[in-house]
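So the chains spell out like this:
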Amino acid sequence: MQPVLLTDRLILRPLTLDDAEGIQQQFPHWQVVRYLNALVPWPYPANGAHAYLEQIALPAMARGEEWHWSIRLKSAPEQLIGNVSLMDEQDNNRGFWLGPQWQGQGLMSEASAAVTDYWFGVLKRPVMRVPKAAPNRGSRRISERTGMRLIRTEKGEFVEGSFPKDIWEMTRDEWLKSKSLSQ
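Here goes a summary of the coordinates provided. Since we're looking at a predicted model, the values are computed, not measured.

The strand order across the open sheet formed by three strands is E6-E8-E7, and the pairing between neighbours is antiparallel. Where the open sheet ends on each side, the last strands, each with one partner, are strand E6 (127-133) and strand E7 (149-158). Neighbour to neighbour, the strand axes of the sheet diverge by 25° on average, direction disregarded. Looking at chain direction, E7 and strand E8 (residues 161-171) are connected through nine bridges and run antiparallel. When the bridges of E8 are listed, Arg149 appears paired with Glu169.

What follows is the structure, encoded as structure tokens:
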């Protein structure tokens, strides 16, 4: 069973079908989806969040192949503001999005750190690889700040179009070393 994760400002709750409405409100904004994988439908359908949860996220969580959390402020736990996920896929182990009004406040850095700790500390995975659209500077900064390194660039297809796709990596040993240095 996937746990609730807490940070200084956030509650990360495992996704449920009850989160569909909150996702549907926060997700379908151009500044949220433009750099996501082209598999994301755009314009986003009215039942997109419900279909995503029911057909993709919740079954993958039940199989133990993916871990998805809603992101909520401790000061407003009823309000879903984003999503952060871990996936047991080659070169795609973490993904996230945050509603536009909460971007630029360091919240995604907090959420990413919490799930990265879960990936390495609880799941004991040896490496984390994260793909991202090269023009997505905000996402790039999160990887840089957490000690990840760019290992390669390839062609990528995103909602906005074709861009270089950067693959970022951190090993469990690097994570352990960064944890010991921060204590």
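Okay, the environment of Leu86 next. Relative to the elements of secondary structure, Leu86 occurs in strand E4 (residues 76-89). Taking the relative accessible area as the measure of exposure, Leu86 reaches 0% and is therefore buried. What Leu86 contacts, discounting residues up to four positions off in sequence, is Glu65, Glu66, Trp67, Trp69, Asn93, Arg94, Val115, Tyr118, Trp119, Leu123 and Met128.

Time to look at helix H4 (residues 107-122). End to end, H4 covers 22 Å across 16 residues, agreeing with the expected 22 Å (1.5 Å per residue, within 8%). Those residues of H4 that sit buried are Leu107, Met108, Ser109, Glu110, Ala111, Ser112, Ala114, Val115, Thr116, Tyr118, Trp119 and Phe120.

For the rest of this paragraph, the subject is the packing of aromatic side chains. Summed over all chains, the structure comprises eight aromatic pairs. Judged by centre distance (5.7 Å) and plane angle (50°), the rings of Trp30 and Trp42 are tilted. Highlighted residues: Trp30 in helix H2 (residues 30-33) and Trp42 in the loop between H2 and helix H3 (48-62), separated in sequence by twelve residues. Under the relative-accessibility criterion, Trp42 is labelled partly exposed at 37%. Look at Tyr35 and Phe163: their rings are 5.9 Å apart centre to centre, the planes differ by 70°, and that puts the pair in the edge-to-face class. Linking Tyr35 in the loop between H2 and H3 with Phe163 in strand E8, this pair joins segments that are 128 residues apart in sequence.

What counts and how
Residues numbered from 1 in each chain as written. Predicted model: local features only at pLDDT ≥ 70, side-chain atom pairs only at ≥ 80, totals over all residues. Heavy atoms only, no water. Pairing = 2+ DSSP bridges. Helix = DSSP H or I, 4+ residues; strand = E, 2+ residues; numbered from the N terminus. Axes fitted to C-alpha atoms, helices over the stretch in contact; angles between N-to-C directions. Buried < 20%, exposed > 50% of the residue type's maximum accessible area, 1.4 Å probe, protein only. Contact = heavy atoms within 4.5 Å. Expected span 1.5 Å × (residues − 1). Phe/Tyr/Trp six-rings, centres within 6.5 Å; stacked < 30°, edge-to-face > 60°.

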